[in-house]
Each structure stands twice: as C-alpha cells, then as structure tokens.
Amino acid sequence: MDPLRDIRGIDPAPWWPPAPGWWLLLALLLLLALLIWLFIRWRRLYPLGRWQQDARRHLLALRRRMKREPAKQVASELSELLRRIAIARCGREVTAALTDETWLDWLQSNDSSGFLWREKGRILLVLPYAPPDRDADKSDLAQLIDAAIHWVSEEACHV
C-alpha cells in the first residue's frame, strides 16, 4: 500500500493563460470594437449621405457662380437642382408631378426651417422662363440657395 500513497490527484487547470479559443474571441471583440469606433468617427466626419454631399457642393458652387453669371441662369440651375434633390429625397412618384404652386407648397411643407418658399420661391417659377432682358435681384436667389443648403441637410422627407 505504500506505493499508492504517493499518487496525487490531477492538478486543477490554470486560469491563465487562457485556451486559444479565448484569445481568438478576444481578438474578434477588439476588432469589432475598433470597427464600431471607426464607423462612429466616420459618421461624425461625413454625416450626410453621398447625394446630400454632392447636392450641397453643387449649391455652394452655384452660390459662388452667382456673382459672375446672370440671375436667370442661376435660377434655372437652382430650380433643376431642387427638383433633383426632391427626387433623391422623396422619390419620383411623390415629386415628379408637382408643378407651379403645388411645387412651392410642397417645398414649404417639407422644409422644417420655416423658410417662405411660397413667397420667395416664385423666382424659380418665373425667372427661368422670363424674357432675356429681364433679371432679378440676386439677394433673393442667395436666400433661396441658403434655404436649399439647409433643406439638403435635413434627414427625412416629410410627405
């Protein structure tokens, strides 16, 4: 019986270092945390969607060109750009049939800033189709462009 007294039980498994599966899980969790952090940081740097960034860039360029181009041309391009923004934001089904006063009413109801599209937006209806010798005040166009820039930055369509 003496030889049996020297047998000891199995040593408990040490808690450190963990098995390879735990290292893999830790690496995946760290990678996931890094990806989430990068996504949040990217969204802070680029909060708008791609079409919104492009529209904003076009509106700012239009504002710069307004100083050297006739108001009629600027109003025509602004009107076209607003239509394209509306289609991108709310879809062709909602915005394609809007004309004249209904277009301005729709812009008024979809802009949360409270800009007076019905009154100040009449330039968009009249000026692009006016005779070549007629021009408008560029300060009104500047206000429209500023309102359009704010409108592009909004998140959703308020149909």
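Everything below is about the structure printed above this text.
Residues numbered from 1 in each chain as written. Predicted model: local features only at pLDDT ≥ 70, side-chain atom pairs only at ≥ 80, totals over all residues. Heavy atoms only, no water.

**Student:** Break down the layout of surface pockets for me, with residues and values.
**Tutor:** Considering only enclosed or pocket space, the largest pocket measures out at about 160 Å³ in volume. In terms of lining, the largest pocket is formed by Ser76, Ser79, Glu80, Arg83, Thr99, Asp100, Trp103, Leu124, Leu125 and Tyr129. For the lining of the largest pocket, the secondary-structure elements that each account for two or more residues are α3 (71–90), α5 (100–110) and α7 (122–126). Among the elements that make up the lining of the largest pocket, the one with the highest residue count is α3 (4 residues). Residue classes in the lining of the largest pocket are distributed as 4 nonpolar, 3 polar and 3 charged. (1 Å grid on protein atoms, 1.4 Å probe; cavity = no way out; pocket = protein on both sides within 12 Å on 5 of 7 lines; lining within 4 Å. Points joined across faces, edges and corners; volume = space filled by probe spheres on them. Helix = DSSP H or I, 4+ residues; strand = E, 2+ residues; numbered from the N terminus. Nonpolar A, V, L, I, M, F, W, Y, C, P; charged D, E, K, R; others polar.)

**Student:** How would you summarise unusual backbone geometry if you had to cite specific residues and measurements?
**Tutor:** Excluding glycine, residues mostly carry a negative phi; peptide bonds, for their part, are mostly trans. Note the cis peptide between Trp16 and Pro17, where omega equals -5 degrees. Topologically, Pro17 is positioned in the segment before α1 (20–45). A positive phi angle, close to 45 degrees, is found at Asp100, a residue other than glycine. Structurally, Asp100 can be placed in helix α5. Assessed through its relative accessible area of 49%, Asp100 is described here as partly exposed. (Buried < 20%, exposed > 50% of the residue type's maximum accessible area, 1.4 Å probe, protein only.)

**Student:** Before we move on, can you summarise the packing of helix α2 (residues 50–65) against α3 with the specific residues and values?
**Tutor:** The interhelical angle for the contact between α2 and α3, taken along N-to-C directions, is 170 degrees, at an axis separation of 11 Å. As far as their axial angle goes, α3 and α2 are roughly antiparallel. Two secondary-structure elements touch here, α2 through Trp51, Gln52, Ala55, His58, Leu59, Leu62 and Arg65 and α3 through Val74, Glu77, Leu78, Leu81, Ile85, Ala88 and Arg89. (Axes fitted to C-alpha atoms, helices over the stretch in contact; angles between N-to-C directions. Parallel < 35°, antiparallel > 145°, perpendicular 65-115°, else oblique. Contact = heavy atoms within 4.5 Å.)

**Student:** Explain α5 residue by residue, including any values.
**Tutor:** Given 3.6 residues to a turn, an α-helix orients residues that are three or four positions apart in the same direction. For α5, every residue scored as buried is listed here: Trp103, Leu104, Trp106, Leu107, Gln108 and Asn110. Its buried side turned inward, α5 meets α3, α4 (92–95), α6 (117–120), α7 and α8 (138–153).

**Student:** Please give an account of the side chain of Glu69 that cites residues and values.
**Tutor:** Among the secondary structure elements, Glu69 is positioned in the loop between α2 and α3. Looking at Glu69, the relative accessible area reads 16%, which means it is buried. At 3.0 Å, the side chain of Glu69 forms a polar contact with the side chain of Arg65. Setting aside residues no more than four positions away along its own chain, Glu69 makes contact with Val74, Glu77 and Lys138. (Polar contact = N/O pair within 3.5 Å; in protein donor to acceptor, adjacent residues only side chain to side chain.)

**Student:** Now, about the pattern of salt bridges: what can you tell me, with residues and values included?
**Tutor:** One pass over the full model with this rule turns up 7 salt bridges. Ionic pairing is found between Glu69 and Arg65, a salt bridge with its closest N-O pair at 3.0 Å. Ionic pairing is found between Asp105 and Arg118, a salt bridge with its closest N-O pair at 2.6 Å. Remark: Arg118 occurs in helix α6 and Asp105 occurs in helix α5; sequence separation between them is 13 residues. A relative accessible area of 31% means that Asp105 is categorised as partly exposed. In this structure Arg118 comes out as partly exposed when scored by relative accessible area, which is 35%. Through salt bridges with shared partners, one network takes in Arg65, Glu69 and Glu77. (Salt bridge = Lys/Arg side-chain N within 4 Å of Asp/Glu carboxyl O.)

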